Amino acid sequence: AADNRPPRTAHACGVVSAIASGEIVRLDAAAAERAPGVLAVFRPGNFPRLHRIAEDMAHGIKAAEVRPPFADEKIYYAGQFVALVVAETFEQARAASRLVQVEYRATRPVLSLDDGIATNGAKPQDEEKSERGEPDRALAAAPVRLDETYTTPVEVHCAMEQHSTVAEWDGTRLVLHDSTQWVFGQPRTLAAMLGLPPEQVVVRAPFIGGGFGSKLFLWPHAVLAAVAAQKLSRPVKFVLPRQLHFGTAGHRPVTRQRLRLGATRAGRLLALRPDSESHTS
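A brief report on the enclosed structure follows. (Residues numbered from 1 in each chain as written. Predicted model: local features only at pLDDT ≥ 70, side-chain atom pairs only at ≥ 80, totals over all residues. Heavy atoms only, no water.)

1. Let's talk about the sheet that holds strand β1 (residues 10-16)
Part 1: Here seven strands make up an open sheet; going across it, the order is β3-β5-β1-β12-β9-β10-β11 and the pairing mixed. Strands with a single pairing partner mark the edges of an open sheet, and in this sheet they are β3 (38-42) and β11 (201-204). The average undirected angle you get between the axes of adjacent strands in this sheet is 20°.
Part 2: Across four bridges, the pairing between β3 and strand β5 (residues 81-87) is antiparallel. The partner of Val-41 across the bridge, within β5, is Val-85.
Part 3: Against the sheet, helix α2 (residues 90-97) contacts β1, β3 and β5, and its axis sits at roughly 25° relative to β1. (Pairing = 2+ DSSP bridges. Helix = DSSP H or I, 4+ residues; strand = E, 2+ residues; numbered from the N terminus. Axes fitted to C-alpha atoms, helices over the stretch in contact; angles between N-to-C directions. Contact = heavy atoms within 4.5 Å.)

As structure tokens, then:
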């Protein structure tokens, strides 16, 4: 996606939160705005209010983050975008992004699966429950029983191609060159967030340099690029640095899976009960 470079393409660089939970107390972008080549610094307070959308997978609508970028000053996770610098060149945007000064009021973050369950309680996904027969009774009566718990850690995909977006507007139509696996849902989701008819958003992704699931759904960097391009009336390219793939893009969650089997001594299964827990937002 980043190989696309329409005429007059500007370059974006994100400023991400230095804390995992809390709120922004003060954000000073004055020095960044005066830096060479800078066209704009977007942040809470000078960014359009976008629509908070409801997930509707049947119609291909799902954003990785329901809250639109810069909707408030609250910090929900480590690596959350708190500002976006757009400049004539990537180097100018990156240099200016380091001039943005942010003060935070930190609160205690949730750091593990057990911490999350203790803090917020477990939230069963009732639509994903499935049960047949009487597994508990069958397990209790089984001559041979196995009860084991298996865990997997967070896995970050880090595909060869970085998460990349080039956004340009053709009148009222938005064209997004994006590294995405979500070509069916991305235009619908982005249109809903921007308040546009779906036919006014076109997403082009003829080649993807790897994704493995992390490039599903609409990620904040694509929304930021689209709005910045509209505000500046010129194309905007936003390529996530490799470091940000660990915070502002998708990953596989921690899982904890308890597996209980009941069987005869000859090895015939009488009961099977898998229970799985994983973290989410």
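Read on, since the account is not over.
2. Thoughts on the pairing of β1
Part 1: In terms of burial, β1 is a largely internal element, six of the seven residues being buried.
Part 2: Pairing analysis gives three bridges linking β1 to strand β12 (residues 236-239), with the strands arranged parallel. Opposite His-11, over in β12, you have Lys-237 as the bridge partner.
Part 3: As paired elements, β1 and β5 share six bridges and run antiparallel to each other. (Buried < 20%, exposed > 50% of the residue type's maximum accessible area, 1.4 Å probe, protein only.)

3. Digging into the packing of aromatic side chains
Centre-to-centre distance and the angle between the planes together describe a pair of aromatic rings.
Part 1: Under the definition given, this model contains four aromatic pairs.
Part 2: With a centroid separation of 6.0 Å and an interplanar angle of 80°, the aromatic rings of Phe-42 and Phe-47 are classed as edge-to-face. The residues Phe-42 and Phe-47 share a single accessibility class, namely buried.
Part 3: Judged by centre distance (5.6 Å) and plane angle (55°), the rings of Phe-81 and Phe-238 are tilted. (Phe/Tyr/Trp six-rings, centres within 6.5 Å; stacked < 30°, edge-to-face > 60°.)

4. Observations regarding the side chain of His-177
Part 1: In this structure, His-177 sits in strand β10 (residues 173-178).
Part 2: Here His-177 falls in the buried class, since its relative accessible area comes to 9%.
Part 3: Side chain to side chain, His-177 and Glu-168 meet in a polar contact 3.0 Å long.
Part 4: Setting aside its immediate chain neighbours within four residues, His-177 contacts Ala-1, Asn-4, Ser-164, Thr-165, Val-166, Glu-168 and Arg-204. (Polar contact = N/O pair within 3.5 Å; in protein donor to acceptor, adjacent residues only side chain to side chain.)

5. Quick notes on the layout of surface pockets
Part 1: In this structure, the second largest pocket encloses a volume near 220 Å³.
Part 2: Every residue lining the second largest pocket is listed: Cys-13, Gly-14, Val-15, Val-16, Phe-90, Arg-94, Ser-97, Arg-98, Pro-241, Gln-243 and Leu-244.
Part 3: Those elements that place two or more of their residues in the lining of the second largest pocket are β1 and α2.
Part 4: With four residues, β1 is the single largest residue contributor to the lining of the second largest pocket.
Part 5: Class assignment of the residues belonging to the lining of the second largest pocket gives a composition of six nonpolar, three polar and two charged. (1 Å grid on protein atoms, 1.4 Å probe; cavity = no way out; pocket = protein on both sides within 12 Å on 5 of 7 lines; lining within 4 Å. Points joined across faces, edges and corners; volume = space filled by probe spheres on them. Nonpolar A, V, L, I, M, F, W, Y, C, P; charged D, E, K, R; others polar.)

6. What to know about the sheet that holds strand β4 (residues 74-75)
Part 1: Strand order in the open sheet formed by three strands is β4-β2-β6, and the pairing between neighbours is antiparallel. Looking at which strands have only one partner, the edges of the open sheet turn out to be β4 and β6 (101-106).
Part 2: When strand β2 (residues 22-28) meets β6, the two strands line up antiparallel, connected through six bridges. Residue pairing in the sheet places Glu-23 in a bridge with Arg-105 of β6.

7. Digging into the environment of Gly-247
Part 1: Within the secondary structure, Gly-247 is located in the loop between β12 and β13 (251-252).
Part 2: Looking at Gly-247, the relative accessible area reads 29%, which means it is partly exposed.
Part 3: For the pair formed by Gly-247 and Ala-78, sequence separation is 169 residues and the distance between their alpha carbons is 6.3 Å.
Part 4: For Gly-247, the contacting residues outside a window of four places in its chain are Tyr-77 and Ala-78.

8. Considering the nonpolar core
Part 1: Ranked by internal contacts, the top residues of the largest apolar core, which has 36 residues, are Phe-42, Leu-84, Val-86, Leu-174, Leu-176, Leu-190 and Phe-238.
Part 2: Taken together, the elements giving at least two residues each to this core come down to β1, β3, β5, β10, α5 (186-194), β11, α6 (220-232) and β12.
Part 3: It is α6 that contributes the most residues to this core, eight residues altogether.
Part 4: In this structure Leu-176 touches Thr-165, Val-166, Ala-167, Gln-186, Leu-190, Val-202, Val-203, Arg-204, Ala-222 and Ala-226, once residues within four positions along its chain are discounted. (Core = buried A, V, L, I, M, F, W, Y, C linked by side-chain atoms within 4.5 Å.)

9. Describing the pairing of β12
Part 1: Taken together, the four bridges between strand β9 (residues 164-170) and β12 define a ladder with antiparallel strand orientation. Looking at β12, one finds that Ala-167 is bridged to Val-236.

10. A closer look at the pattern of salt bridges
Part 1: What the rule picks out here adds up to 19 salt bridges.
Part 2: Among the salt bridges present, the one from Asp-115 reaches Arg-108, with a minimum N-O distance of 3.1 Å. (Salt bridge = Lys/Arg side-chain N within 4 Å of Asp/Glu carboxyl O.)

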